[in-house]
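The lines below spell out each chain.
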Amino acid sequence: MLAVNDQSQSLVDLFHHGTKLTYNRGEFVMRPGESPPGVFYIEEGLVRAYDITKYGEENLLVIRKNGEFLGLTFTVTGDDKKIIYQTLTPATLWLLKHDEFTSNLIKNPEIALPLVDNLTEMYRVHSERILNLEYRTVRERLISFLLTTARRFGEINDEGTLIKVPLRHQDVASSINSSRETTSREIAYLERNKLIANRQLFFTLTDVDGLKSYLVR
């Protein structure tokens, strides 16, 4: 990490001069076709970013958590991908409009370091998704997805490693370039072999070493 605590706190304090927004689970932060009005800072909660394919299916891109940002790429580059943002949990966000964000960044360049840290983390997450697609079988891609998601959102409990993000089978399927039906069969296979548990949208990795053994090259 490049930023020190004071720099990270200065960036958070900057957003606290913006607009505070609260959402219930399932609400849209950005609806289909909308462009971000600025940069959002996630103070609390989970937000999924997705788009709609030409076949009308939802394609999960990434899940953002507290301490991360939405709309940063559009504010800096102007490249609008029309990404849809929807909360997975109740969430609190702070919004800084484009001009306010960029002018403060220019005046206080030291707050750019925590942004670099955040962008580096996002690059790592997206790189892992690309590398995941190199696996030939759906089972391998599914296991790779679960392991990488657990590193980001996992919490160890008595049963194993709980991924603290609600994930529909369709979300998983779109992330690993598979159909929902095939993904569901592979999830059932991992459950039968006591490698994972899947209850009410939450996955628990009950045998991490066993899962990793499928990915040995």
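Here the structure is shown first, and the text comes after it.
We now turn to the structure provided with this report. (Residues numbered from 1 in each chain as written. Predicted model: local features only at pLDDT ≥ 70, side-chain atom pairs only at ≥ 80, totals over all residues. Heavy atoms only, no water.)

A few words on the packing of helix α4 (residues 112-132) against helix α5 (residues 138-153). Where α4 contacts α5, the axes come no closer than 9 Å and their chain directions differ by 165 degrees. In terms of orientation, α4 and α5 fall into the roughly antiparallel class. You can see that α4 and α5 cross each other, and the crossing is right-handed. When α4 is examined against α5, the residues Glu121, Met122, Val125, Glu128 and Asn132 are found in contact with a partner set consisting of Glu140, Arg141, Ser144, Phe145, Thr148, Arg151 and Arg152. (Axes fitted to C-alpha atoms, helices over the stretch in contact; angles between N-to-C directions. Helix = DSSP H or I, 4+ residues; strand = E, 2+ residues; numbered from the N terminus. Parallel < 35°, antiparallel > 145°, perpendicular 65-115°, else oblique. Left-handed = near helix turned anticlockwise from the far one by under 90°. Contact = heavy atoms within 4.5 Å.)

Here we come to α5. Side chains that are three or four residues apart share a direction in an α-helix, a result of its 3.6 residues per turn. For α5, built from 16 residues, the straight-helix expectation of 22 Å at 1.5 Å per residue is met to within 8% by its first-to-last C-alpha distance of 22 Å. Of all 16 residues in α5, 13 are buried, a share of seventy percent or more. (Expected span 1.5 Å × (residues − 1). Buried < 20%, exposed > 50% of the residue type's maximum accessible area, 1.4 Å probe, protein only.)

Strand order in the open sheet made by the 4 strands is β9-β10-β12-β11, with antiparallel pairing throughout. Either end of the sheet is taken by a strand with one partner, and the two such strands are β9 (154-156) and β11 (196-199). For this sheet the average axis-to-axis angle between neighbouring strands, irrespective of direction, equals 25 degrees. Relative to strand β10 (residues 161-163), β9 is paired through 3 bridges, and the arrangement is antiparallel. Looking at β10, one finds that glutamate 155 is bridged to leucine 162. Where α5 meets the sheet, its contacts fall on β9, β10, β11 and β12 (202-205), and the angle it forms with β10 comes to roughly 90 degrees. Of the strands in this sheet, β11 and β12 touch helix α7 (residues 180-192), which is tilted by about 120 degrees from β11. (Pairing = 2+ DSSP bridges.)

Within the element layout of this structure, valine 165 appears in the loop between β10 and α6 (169-175). Placed 77 residues apart in sequence, valine 165 and leucine 88 show a C-alpha to C-alpha distance of 7.8 Å. Apart from the residues within four sequence positions on either side, valine 165 is in contact with Leu46, Ile63, Leu88, Phe153, Leu201 and Phe202.

Here we take up the nonpolar core. Ranked by internal contacts, the top residues of the largest apolar core, which has 27 residues, are Leu146, Ile163, Leu190 and Ile196. Looking at this core, the elements with two or more residues in it are β5 (58-64), α5, α7 and β12. Ignoring sequence-local partners within four residues, the contact set of leucine 190 consists of Leu142, Ile143, Leu146, Leu195, Ile196 and Leu211. Within the second largest apolar cluster, 16 residues are counted, among which are Tyr23, Leu93, Leu95 and Met122. (Core = buried A, V, L, I, M, F, W, Y, C linked by side-chain atoms within 4.5 Å.)

Another aspect to go through is the side chain of threonine 183. Residue placement: threonine 183 occurs in helix α7. At 3.2 Å, the side chain of threonine 183 forms a polar contact with the side chain of serine 178. Engagement of the side chain of threonine 183 in a polar contact is seen with the backbone oxygen of serine 179, the distance being 2.8 Å. Contact partners of threonine 183, with chain neighbours within four places excluded, come to Leu142, His169, Val172, Ala173, Ile176 and Ser178. (Polar contact = N/O pair within 3.5 Å; in protein donor to acceptor, adjacent residues only side chain to side chain.)

Positive phi, normally seen in glycine, also occurs at lysine 82, with a value near 55 degrees. Counting through the fold element by element, lysine 82 comes out in the loop between α2 (72-77) and β7 (84-87). The phi dihedral of leucine 201 is positive, around 75 degrees, even though this residue is not glycine. As for its position among the elements, leucine 201 is in the loop between β11 and β12.

This part takes up the environment of aspartate 117. In this structure, aspartate 117 sits in helix α4. Along the primary structure aspartate 117 and methionine 1 are separated by 116 residues, whereas in three dimensions their C-alpha atoms are 5.9 Å apart. Setting aside residues up to four positions removed in sequence, aspartate 117 forms contacts with Met1, Leu2 and Ala3.

The strand order β2-β7-β4-β5 describes an open sheet built from 4 strands, whose pairing is antiparallel. Only two strands of the sheet have a single neighbouring strand rather than two, namely β2 (28-30) and β5. Going from strand to strand, the sheet's axes swing by 30 degrees on average, the running direction of each strand aside. Pairing analysis gives 4 bridges linking strand β4 (residues 47-52) to β7, with the strands arranged antiparallel. Looking across to β7, one finds that tyrosine 50 is bridged to isoleucine 84.

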